[in-house]
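Coordinate analysis (summary)
The chain contents come next:
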Amino acid sequence: MAKTLDVLKQRRSCRAFTNRPVEKEKMAAILEAGTYAPTGMGKQSPIIIVIKDPKVKETLRRMNAEIMGAKIDPFYGAPELVVVLANKERPTYIYDGSLVMGNMMNAAADLGLGSCWIHRAKEEFETEYGKSLLKRLGIEGDYEGIGHLVIGYPAKEPAQPVKRKKTIFMNYNYALSNLACSLIK
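First things first, this report covers the structure right here in the doc.

Rules behind the numbers
Sequence positions are assigned chain by chain, starting from 1 and proceeding in written order. With the structure being a predicted model, the display of local features is reserved for residues of pLDDT at least 70 and the display and counting of side-chain atom pairs for 80 or more, all residues being used for whole-chain, interface and lining totals. Only hydrogens and water are removed before side-chain values are computed, so all heavy atoms of the structure are retained for them. Segments assigned H or I by DSSP are reported as helices when at least four residues long, segments assigned E as strands when at least two residues long, and all are numbered from the N terminus. Classification of residues uses two cut-offs on accessible area relative to the type maximum, computed with a 1.4 Å probe and protein chains only: under 20% is buried, over 50% is exposed, and between them is partly exposed. Contacts were defined at the residue level, with two residues in contact if any of their heavy atoms lie within 4.5 Å. A 1.4 Å probe and the Shrake-Rupley method give the accessible areas. Residues count as covered only by the protein chains that appear here. Here the term cavity refers to a set of points on a 1 Å grid, laid over the protein atoms alone, in which a 1.4 Å probe fits but cannot get out; the term pocket refers to an open set having protein on both sides within 12 Å along at least five of seven lines, with lining residues being those that place an atom within 4 Å of a point. Grid points are joined across faces, edges and corners, and a volume is the space filled by probe spheres set on the points. Under this grouping Gly is polar, as are all residues other than the nonpolar Ala, Val, Leu, Ile, Met, Phe, Trp, Tyr, Cys and Pro and the charged Asp, Glu, Lys and Arg. One speaks of a salt bridge when a side-chain nitrogen belonging to Lys or Arg is within 4 Å of a carboxyl oxygen belonging to Asp or Glu. An expected span of 1.5 Å times one less than the residue number is assigned to each helix. Polar contact is the term for a pair of N or O atoms within 3.5 Å; when the atoms are in protein, one must be able to donate a hydrogen and the other to accept it, and sequence-neighboring residues count only if both atoms are side-chain atoms. Whether two aromatic rings pair depends on their centres lying within 6.5 Å, for rings of Phe, Tyr and Trp, where Trp uses its six-membered ring; planes under 30 degrees apart make the pair stacked, over 60 edge-to-face, and the rest tilted. Here, over-ring charges are defined by two tests on the NZ atom of lysine or the CZ atom of arginine: distance to the ring centre within 6 Å, and angle to the ring normal within 35 degrees.

To continue, consider the overall build of the protein. When helices and strands are tallied, the protein shows six helices and six strands. When the 185 residues of the protein are sorted by exposure, 35% land in the buried category. Taking contacts inside the protein between residues at least 6 apart in sequence as the whole, the part at least 24 apart equals 80%. Total accessible area computed for the protein in this model is approximately 11700 Å², and 56% of it derives from carbon and sulfur atoms.

Our focus in this paragraph is the layout of surface pockets. If you add up the space inside the largest pocket, you get close to 450 Å³. Listed by contribution, the elements that provide at least two residues to the lining of the largest pocket are helix 1 (2-10) and strand 3 (114-118). The residue inventory of the lining of the largest pocket, partitioned by class, reads eight nonpolar, six polar and six charged.

On to the environment of Arg 120, then. Considering the arrangement of structural elements, one finds Arg 120 in the loop between strand 3 and helix 5 (121-125). The sequence separation of Arg 120 and Asn 64 amounts to 56 residues, and the corresponding C-alpha distance is 6.2 Å. Setting aside chain neighbours within four positions, we find Arg 120 in contact with Asn 64, Ile 67, Met 68, Pro 74 and His 148.

With that settled, consider the pattern of salt bridges. Throughout the structure, instances matching the rule amount to six salt bridges. Across the pair Asp 110 and Lys 3 runs a salt bridge whose closest N-O atoms are separated by 2.6 Å. Taken together, the residues span a long stretch of sequence, with Asp 110 in helix 4 (residues 93-110) and Lys 3 in helix 1 at a distance of 107 residues.

One non-glycine residue, Met 41, lies in positive phi territory at about 55°. Inspection of the secondary structure assignment puts Met 41 in the loop between helix 2 (24-35) and strand 1 (47-51). Note on Met 41: relative accessible area 74%, which makes it exposed. The residue Arg 120 is not glycine, and still its phi comes out positive at about 85°.

Further remarks concern helix 3 (residues 54-68). An ideal rise of 1.5 Å per residue puts 21 Å on 15 residues; helix 3 measures up with 21 Å between its terminal C-alpha atoms. Check the buried side of helix 3 and you find it contacts strand 1, strand 2 (80-87), strand 3, helix 5, helix 6 (128-136) and strand 4 (143-152). The backbone nitrogen of Lys 55 has a side-chain oxygen 2.7 Å away, supplied by the residue at the start of helix 3, namely Asp 53. Following helix 3 by one or two positions, Gly 69 adopts a phi angle in the positive range, close to 75°.

Its location among the elements puts Glu 80 in strand 2. Of note is the side chain of Glu 80, whose polar atom sits 2.9 Å from the side chain of Lys 52.

Here the focus is the packing of aromatic side chains. Tallying each qualifying case throughout the model produces zero aromatic pairs. Here Arg 20 stacks its cationic end above the ring of Tyr 153, 3.7 Å away from the centre of that ring.

As structure tokens, this is what we get:
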């Protein structure tokens, strides 16, 4: 588990990418990690879409910036764009999709890649363009955009992690029927 904890401790959002393409094997591993995320009752409601079409990427980039109200590239020039959506019929759909995103971000870090969760997929896929894109892809149902994941090789070293806040662990002593809290430093 030491390697897993190292990845979790060192992963940071990347907001500056090189234009070096990500190898297909690495992308496949990241996507596979997303499919192994826990989901409510194991229903696997999220779907993962890899956007390769430059016109679609540009349209989503422009829409995202517009929704954000900024004139920047919200995808930070990353060579890979992944969208996660989840079926709103599942009561845990937001959590399920979020875990897919988290698994993929951690897998990317483990493979030496940078990634960043970009919001506003919900708003994008509520538009007529977003709905028509899903229809073109053959996706039917009531799906909500959970997030975009931009992936690529970092253009600079990630920042060091900030100091973590103290964690409170609850210890239950059933024999005495009382609750003791202790701070672990």
